[in-house]
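The lines below spell out each chain.
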Amino acid sequence: MESTTRPPVRLLVFGRQGAGKGTQAVRLAEQFGVPHISTGDMLRAAVREGTEFGQRAKEIMDAGHLVSDEVMLGLISERLAQPDAVNGWLLDGFPRTLQQGKDLMALTGADGIDLALDLDVAEDVVVERISSRRVCSSCGANYSVQVPPTSPWTCDVCGGEVTQRDDDTEQAVRERLATYLLQTVPVVKWFEEQGLLATVDGVGDRDEITNELISLVTNRLF
Ligand code: AMP
């Protein structure tokens, strides 16, 4: 898709952990030619760099809690100011609280978000999915026990080591699901009230879900 001839594409992707948000977000961003901005990936990169900030973030993430709104706003404003984000972006994992939603709206302006997509998957389904999830520790590519890389456990994309995330333990998963219900569901509802939300059933064939998401965005924007 020609970036110079199309309107900007500014998308949000919501979904409980394990709803397939990461996979679908990567595909959509590629389809619409915009950067895939995952705040979870940004925080994990800081953890790998071993900075003081990264160490603090790791403790919060491993406990299944959220990094503060103030810190996240700083991270996301810096990222959205990068040249590759001029003609749109897809945010994966941000906003995570009502405050972050309002901060984002203030940053982009009232017309600055085109569509928020919510991948709907029941809680018992995601618990099962998360416990079998495996992720490349270098590039973040997603695998699972059922769908491993071609050569276990080496990433097909970059050759990195594919492991289980430290925050995918059962205790942290339960904590994160509770956090999602308490903190993130209100911001999803807020976008719905503003007519900016489209909900998609996140259970089923991955490619069909991708196609449904692409149609929703295309119908809305083009
Ligand atoms: P994710 O990869 O999106 O599941 O994010 C992993 C973890 O990073 C979350 O459980 C949070 O601890 C932290 N995190 C990611 N995005 C945010 C955000 N927008 N606000 C606060 N914490 C976040």
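Above this text sits the structure in question.
The rules behind the values
Residues numbered from 1 in each chain as written. Predicted model: local features only at pLDDT ≥ 70, side-chain atom pairs only at ≥ 80, totals over all residues. Heavy atoms only, no water. Helix = DSSP H or I, 4+ residues; strand = E, 2+ residues; numbered from the N terminus. Polar contact = N/O pair within 3.5 Å; in protein donor to acceptor, adjacent residues only side chain to side chain. Contact = heavy atoms within 4.5 Å. Buried < 20%, exposed > 50% of the residue type's maximum accessible area, 1.4 Å probe, protein only.

Describing the side chain of Asp92
Then, in step 1: By the secondary structure assignment, Asp92 is in strand β3 (residues 88–92).
Then, in step 2: Side chain to side chain, Asp92 and His36 meet in a polar contact 2.9 Å long.
Then, in step 3: The contacts of Asp92, once residues within four sequence positions are left out, are Val13, Lys21, Gly22, Ala25, His36, Ile37, Ser38 and Thr39.

Let's talk about the environment of Thr108
Then, in step 1: On the secondary structure map, Thr108 appears in helix α5 (residues 98–108).
Then, in step 2: What makes Thr108 partly exposed here is its relative accessible area of 24%.
Then, in step 3: A C-alpha to C-alpha distance of 13 Å links Thr108 and Pro95, two positions 13 residues apart in sequence.
Then, in step 4: The contact partners of Thr108, leaving out residues within four places of it in the chain, are Trp89 and Ile113.

Quick look at the environment of Leu91
Then, in step 1: Here Leu91 is to be found in strand β3.
Then, in step 2: Note on Leu91: relative accessible area 0%, which makes it buried.
Then, in step 3: Put simply, Leu91 and Leu12 are 79 residues apart on the chain and 4.8 Å apart in space, counted from C-alpha to C-alpha.

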